[in-house]
Amino acid sequence: MAIPGNLLSPTTESVDPNTSGWAPKLNATISKGGGGRNGDGCLLVKSKAAGETQVRTVSSYTVTPGVTYQAFADASGATVPERIGIRWLNALGLEISLTWSLVTMTAAAAWHRISVAAVAPVGAYKAQVLLSMMTPAAPNVVSYFENVYLGLPIRTTGNLFGFGTESTEIDASGWTPEVNATVSRQVPVVSWSATWYWAGGHTLAITATAAGNAAAATVDRPAVTPGVEYLAHAYLQPPTLSSVAWIELRFYDANGNQIQTTRAVLAPPGTGMYRQYVSAVAPAAAATCGIAAGLDGAAAGQVLRLETVVVQAYSPSVTGTVIPYASSSFEQGTGGWTVVSGPATAARTTPWGVAAYTGSYSLAVTSATAATSTLRSPLAPVTGGVNWRAQIIVRHGAGSWTSVRVRTHWYDSVGGDLGTSTGLAYAVPPGSWYQLVSDAVAPAGAVQAAVEVVGIAASSASVLWVDGVALWQVLPLVAVETVPSDGYIRLTLRELPVDYLMSVYRVTPDGMRALVRGADGLIEMQPIASDAMVLEDHEAPLGVEVWYRIELYSSPGVISSTRSSDSVTLTLADINTAWLKDPANPQRNCLVVVQEAPDWERPIEQASFVVRGRRNKVVLSGRRQGLEGDLAIWTRSDAEREALHLLLDSGNTLLWQANPGMGVKDMYVAVANVGEGRIGKLAQEQWRAWSLPLTEQDMPVTTGVNGAAGRTWQDVVAEFATCADLLTVYATSEDLLLDRRMG
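Counting restarts for each chain: residues are numbered from 1 in the order of the written sequence. In view of the model being predicted, local features appear only for residues whose pLDDT reaches at least 70, and side-chain atom pairs are presented and counted only at 80 or more, with totals across whole chains, interfaces and linings using the full set of residues. The side-chain values count all of the structure's non-hydrogen atoms but skip hydrogen atoms and water molecules.

A. Region of interest: the nonpolar core. Val224, Tyr230, Leu249, Phe251, Ile291, Leu306 and Val311 are the most contacted members of the largest nonpolar core, which has 37 residues in total. Every helix listed is a DSSP run of H or I at least four residues long, and every strand listed is a run of E at least two residues long, numbered separately from the N terminus. Put simply, the parts of the chain that give this core at least two residues each are strand E14 (203-208), strand E15 (212-218), strand E16 (229-237), strand E17 (244-252), strand E19 (274-281), strand E20 (288-298) and strand E21 (303-313). The criterion used for residue contact is that any of the two residues' heavy atoms lie within 4.5 Å. Residues within four places of Leu306 in sequence aside, it is in contact with Trp175, Thr203, Leu204, Ile206, Ala234, Tyr235, Leu236 and Ala293. Within this scheme, the nonpolar core is defined by two criteria: the residues are buried Ala, Val, Leu, Ile, Met, Phe, Trp, Tyr or Cys, and they are joined through side-chain atoms within 4.5 Å. The buried label applies to any residue whose accessible area, calculated with a 1.4 Å probe on protein chains only, is under 20% of its type's maximum; exposed applies above 50%, and partly exposed to all values in between.

Here is the structure:
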């Protein structure tokens, strides 16, 4: 699979089907090797003699001075370590300078990541990727490379930190020593998945200066909002299995004073890279935040390495849950849960990754005897008189359990007990994670609630793992509303099963179904990535009652459940207007005034033959083609005129929708040469008369709806200091929305 945003061609990136994207630069021969992960091919580089060996991309790629670029590759070399570089060229193709990564700390036959990033220097016009084997001691020493990338830095969407702090591919300036430590960069041998593009080669190395506690902290302190929950995480590589390695999320006031610290300690199963999470709600006086990491009781010279450091506003897996992440996923402890009755004990599972549904840990509930125990979460805010759903995700760990009940306990504003819902009891057989839910209406006056888990252990030493706790107000599974001002129907879907497949149909009164378009084309058995989804159906017919059918599949072709919406009708206020829409870019849709509907023609390919002795010709015909004709419309302002030009510029297949009763059905059309004329001789007149030659088309099937793909203003703020900086990068606001950069 091609790496998103890669300037390199797929052949150069994956070395499939050949090595045509690469050339020797120094002391090297190249050929195609096998056993790659991004396709089977890989680049086999062999030294001609002793000494450093280099290869480069055949092509050079356009860059912009002052912009940061990243290059990475996966490497394998059992004999010598490697490095990767960016070669900067001027407009004449002459080398300006080279930017090299650090050398991998040791040679390794396992695939491992090498990476570098730098700002393109003044005068740079093009760039090439360099791959280097460091000083083979003899000829015919071999290393392998594949999965090569050159482009803009790949960073975590929503990260409050910029790329320079998230990674250490440029330098370690985003960090400062805090206690008994130095900070530097190292390139250890780390094997990442071929499709995990967020991890590079360089890691931040926090080295203990002497025996004792050692720590470092981020220099960057992005702004936060009081009362908002934030989630931070980083990959940690402890020096030993017994190391006490930790990560902290810190909040600071407007004067830079540290006012809150939340720590999560890694329980490592080894000395590899393990992602550790920590979360907290920003306190009332919080203005900024930061990350710290360190080792407790370190020996002199011990090193803690960090990779992919992220802090972002917490986006829960269940939309609307009032349970904080710490009490839901148990990444930093028991999350405030208590045992209110029975012999059970509660603790975070250990080590990292032994039992988890979300994150890397869960809550281990252990009952030493066969008995009933009740566990309770911390209190969370609720609203009385409405329906709430409690959820836990559990797995049988050991022993046996007769049943597990999930319920909700209600409290008033001063903590007064308002009772407990009945809840639902479930059997939990061994072998899988099970989602247990229970709905209840909060009593009048309820402002707080806790989720309770009642487990009945049937034997001694029984263990139950609890994870993914949520409590949220239940809204309709399917909601639908019309937006006539913009000509579409909004469909909201909730509580979708993530990783299932889904099809969405629009159904008309005659029973006809049509698939609804989404970001990846028509939504037909597409994977579900989030439990909530909002769809805008810009192709819904006008003046026709429609409803929506949603089919959910546990596997291809296997329907697990269906849902349906209420019926709605999308209207057009003025029958003299019509919509011209781009299915791929609904932000360009235009409402225009119809001057005259087309007089249609339906061409046909025919050939006629005169047969001697026959009165009538023999005519051979193809199939009669679709409608063709000229649509005459008006635009009433300069803004409408510019919007219509933007709509027509792409040459995409458009959708024409007129009001019912006008004798024209909804039609997908291709627009040929466009005529634009003034309707009078007055120069200030803004009305324009247009002639649009239309040719009927089939509905585009593979076209998806363009969108921001999860980007928010936070991603813009993390990369650009001022609005003026955007002007040289994005030509239009639409380009900013879609992250389409100039050049």
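B. Focus on the sheet that holds strand E34 (residues 478-483). Two strands qualify as a pair provided that DSSP identifies no fewer than 2 bridges between them. Judged by pairing direction, the sheet is antiparallel, and its three strands sit side by side in the order E34-E35-E41 without closing on themselves. On the outer flanks of this sheet lie E34 and strand E41 (533-537), each paired with one strand and no other. Shown here is a sheet whose adjacent strand axes are inclined to one another by a mean of 20 degrees, direction ignored. Of the strand pairs in this sheet, strand E35 (residues 488-493) and E41 are connected by five bridges, and their pairing is antiparallel. By the bridge assignment for E41, Leu493 is matched with Met533. In this analysis an axis means a line fitted to C-alpha atoms, helices contributing only their contacting stretch, and an angle means the value between N-to-C directions, from 0 to 180 degrees.

C. Molecular detail of the sheet that holds E15. With antiparallel pairing, five strands are arranged side by side in an open sheet as E12-E15-E20-E17-E18. For this open sheet the edge positions go to strand E12 (175-179) and strand E18 (258-265), each flanked by a neighbour on one side alone. Within this sheet the neighbouring strands show an average axis-to-axis angle of 25 degrees, counted without direction. Sheet analysis places E17 next to E20, joined by nine bridges and oriented antiparallel. Paired with Glu248 across the bridge in E20 is Ala292.

D. Main features of unusual backbone geometry. Put simply, Asp16 and Pro17 share a cis peptide bond, and its omega is 10 degrees. With respect to the helices and strands, Pro17 occurs in the loop between helix H1 (10-14) and strand E1 (22-26). Cis peptide bonds are those with omega within 30 degrees of zero, and the linkage from Thr350 to Pro351 qualifies with 0 degrees. Although it is not a glycine, Thr135 sits at a positive phi angle of roughly 45 degrees. Relative to the helices and strands, Thr135 resides in the loop between strand E10 (126-133) and strand E11 (142-151).

E. A look at the pattern of salt bridges. Salt bridges are identified by distance alone: a Lys or Arg side-chain nitrogen within 4 Å of an Asp or Glu carboxyl oxygen. If you walk through the whole model with that rule in mind, you get 28 salt bridges. Of the charged contacts, one joins Glu551 and Arg549 as a salt bridge, the two residues approaching to 2.8 Å between their closest N and O atoms. Here Glu551 falls in the buried class, since its relative accessible area comes to 4%. Here Glu676 makes a salt bridge to Arg688, at a shortest N to O gap of 3.7 Å.

Nothing here speaks to function; it is geometry throughout.
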